[in-house]
Amino acid sequence: MGSGFALRDEQAVGNYGKAMDDIAERSGVTRGDATPPASARRRVVIIGAGFGGLSAAQRLVRVAADIIVIDRRNHHLFQPLLYQVATAALSPADIAAPIRGILSRHPNTEVILGTVTGIDVAGRVVLLGDRRVPYDQLVIGTGAREYYFGHDEWSAVTSGLKSIEDATAMRRRILVAFERAEDSEDGAEQRRLLTFVIIGGGPTGVELAGALAELAKAALARDFRHIDPSTARIVLVEAGPRLLPSFSPHLSEAAARALQRLGVEVRLGLAVTHCDQEGAVFGDERVESRTLIWAAGVAASPAAAWLGIEAGRGGRAPVLSDLTLRGHPEIFVIGDAAEVVGTNRPIPGVAPVAKQQGAYVARVIAARLAGKPAPAPFRYRDYGNLATIGRHEAVADFGWLRLTGRLAWLAWGVAHIYFLIGFRNRAAVAIDWLWSYLTYQRGARLITGQDM
Ligand SMILES: Cc1cc2nc3c(=O)[nH]c(=O)nc-3n(C[C@H](O)[C@H](O)[C@H](O)COP(=O)(O)OP(=O)(O)OC[C@H]3O[C@@H](n4cnc5c(N)ncnc54)[C@H](O)[C@@H]3O)c2cc1C
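Let me begin by describing the structure that accompanies this report. The model shown is predicted, which means the values in this text are computed figures rather than measured ones.

Rules behind the numbers
Residues numbered from 1 in each chain as written. Predicted model: local features only at pLDDT ≥ 70, side-chain atom pairs only at ≥ 80, totals over all residues. Heavy atoms only, no water. Helix = DSSP H or I, 4+ residues; strand = E, 2+ residues; numbered from the N terminus. Rg over C-alpha atoms; globule rule 2.2 N^0.38 Å. Buried < 20%, exposed > 50% of the residue type's maximum accessible area, 1.4 Å probe, protein only. Contact = heavy atoms within 4.5 Å. Areas by Shrake-Rupley, 256 points an atom, 1.4 Å probe, with all protein chains shown as cover. Lys, Arg positive; Asp, Glu negative; His and termini not counted. Charge placed at Lys NZ, Arg CZ, Asp CG, Glu CD. Phe/Tyr/Trp six-rings, centres within 6.5 Å; stacked < 30°, edge-to-face > 60°. Lys NZ or Arg CZ within 6 Å of the ring centre and 35° of its normal. Expected span 1.5 Å × (residues − 1). Near = heavy atom within 4 Å. Polar contact = N/O pair within 3.5 Å; in protein donor to acceptor, adjacent residues only side chain to side chain. Core = buried A, V, L, I, M, F, W, Y, C linked by side-chain atoms within 4.5 Å.

**Observations concerning the overall build of the protein**
Piece 1. When helices and strands are tallied, the protein shows 13 helices and 26 strands.
Piece 2. Whereas a compact globule of 452 residues would reach a radius of gyration of roughly 22 Å, the protein reaches 24 Å, a difference of no more than 12%.
Piece 3. C-alpha atoms of the protein, sized along the principal axes, occupy 75 × 50 × 40 Å.
Piece 4. Counting over 452 residues, the protein shows a buried share of 53%.
Piece 5. Pairs at least 24 residues apart make up 66% of the contacts formed inside the protein by residues separated by at least 6 positions.
Piece 6. With the model as given, the accessible surface of the protein reaches about 20,400 Å², and the carbon-plus-sulfur share is 54%.
Piece 7. Averaging the locations of the 51 positively and 46 negatively charged side chains of the protein gives two centres separated by 7 Å.

Here's what the structure looks like:
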């Protein structure tokens, strides 16, 4: 850790008050062999370098404390563009960046690659298997995982989309389906292989359906000799009455129409009741398909279980309006893992919420370390929702302004390039998109990993 922060730290300790000193001592007792003895310097541990955790870490660069960022992956992932990796438009490295690289100019910050398995709340220690990482203040931003509405067995027969591995597995599954169809002489199996069912009509399902339709009808159209990829059937199933429930009804209808123009079959008001290797059942219909894509439900990571508290909506850990756990002002939970209790409307599980919450807790922590008053409670500023449908269409809902078509698509593209982390990723994505736009081709049509 940079010693340049030591002097400021001493001052901060004085301001911060003696109440924290016993914690440092306790930290020394509980920490593992590899960790140096406790010092007066405070330790802020951030679990998860997703949108929330990274936003907090980036804003703590100047505080007089040791910042420890723990993630089970070595990269920060821009999840909103995962579907483009899954449909061969972008490569994994275009939408991910190494956490160490992002934080390399933060001398007060250390990165640990490891999977958190629990938290000793009383001892103020994060557990990574046998390894113990003590904290004075803890920020939990571990995001969400897939949720199958009590049918965990569906995870084995559907493809989810949460990580780079998921996206490349989905890409493999989609591309292999076309390859197998080309080779098959069984008409029924060929139809099954060329039918893709996407479960869930939120932004991920809608964007996937549009991208998959364009992959089949444009990028692959001339590459096979025994099948016509443009006859591929893409079915988007949504249990609710409309697509994109977080958008205005007018934009939901525009999205459905845009998808139908691309040949996607949109099925609304139908909950999936069964999934297996050869298809899915919704309503009283069974659709035969070798590729079922899960874009329906998410549940929070197990932060609530680690903290020994009852989980709230969607498995989220309930936190107060300053994003701390009741009775534990030293523990913050942010992003998809958190539920802010006492708000009129539930705060959505989207990247801007996580980023704003990360920035907010960094302000609270910095104020505490400097002995300043706490900032006002967290308030989410909603700047709007965007979803794209193929290469020309998108819907944008800014509340005061609603856009469809090319203008919305342009707004979507600019926003996504702007919010990507790092110049290299922005440049790579912009070039890939321009190339795809001009040629209709997909630059990342690689089948990698194990066949399925
Ligand atoms: C396919 C997809 C598309 C999306 N599209 C959009 C969109 O268009 N717009 C939008 O605003 N939002 C979108 N979202 C939602 C958005 O990505 C999330 O709301 C946001 O990522 C939440 O941020 P977070 O910091 O809470 O969690 P995440 O960004 O998910 O980060 C969690 C981090 O915690 C780490 N972690 C988890 N468990 C552990 C553990 N046990 N130990 C160590 N590390 C751990 C993970 O590796 C990860 O780095 C999309 C999500 C998905 C999956």
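**What about the packing of aromatic side chains?**
Piece 1. Applying the stated criterion to the full structure yields 12 aromatic pairs.
Piece 2. An aromatic cluster of three or more residues is present, and its members are Tyr-147, Tyr-148, Phe-149, Trp-154 and Trp-294.
Piece 3. Of note, Arg-391 hangs over the ring of Tyr-437, and the distance from its end group to the ring centre comes to 4.5 Å.
Piece 4. Over the ring of Tyr-440 we find Arg-391; its NZ or CZ atom is 3.7 Å from the centre of that ring.

**Things to note about helix H12 (residues 405-419)**
Piece 1. In this model, H12 (15 residues) spans 21 Å end to end at C-alpha, consistent with the 21 Å of a helix rising 1.5 Å per residue.
Piece 2. By the burial criterion, the buried members of H12 are Gly-405, Ala-408, Trp-412, Gly-413, Ala-415 and His-416.
Piece 3. On the buried face of H12, the contacting elements are helix H4 (82-86), helix H8 (203-219), strand E24 (385-389), strand E25 (393-397), strand E26 (402-404) and helix H13 (423-439).

**Observations regarding the site of the ligand**
Piece 1. Around the ligand, 27 residues are found, and the nearest of them are Gly-52, Asp-71, Gln-79, Val-116 and Asp-336.
Piece 2. The backbone of Arg-72 places a nitrogen or oxygen atom 3.1 Å from a nitrogen atom of the ligand.
Piece 3. Among the elements that line the shell around the ligand, the one with the most residues is helix H11 (residues 351-369), at 3 residues.

**A short note on the environment of Ser-321**
Piece 1. Mapping Ser-321 onto the fold places it in the loop between strand E20 (317-319) and strand E21 (324-325).
Piece 2. Look at Ser-321 and you get partly exposed, because its relative accessible area is 35%.
Piece 3. In this structure the C-alpha to C-alpha distance between Ser-321 and Ala-376, which are 55 residues apart in sequence, comes to 9.0 Å.
Piece 4. Discounting chain neighbours no more than four positions away, the residues touching Ser-321 are Val-340, Tyr-360, Pro-377 and Phe-378.

**Details of the nonpolar core**
Piece 1. Leu-81, Ile-95, Phe-178, Ile-198 and Leu-259 are the most contacted members of the largest nonpolar core, which has 65 residues in total.
Piece 2. No other element matches H8, which puts 9 residues into this core.

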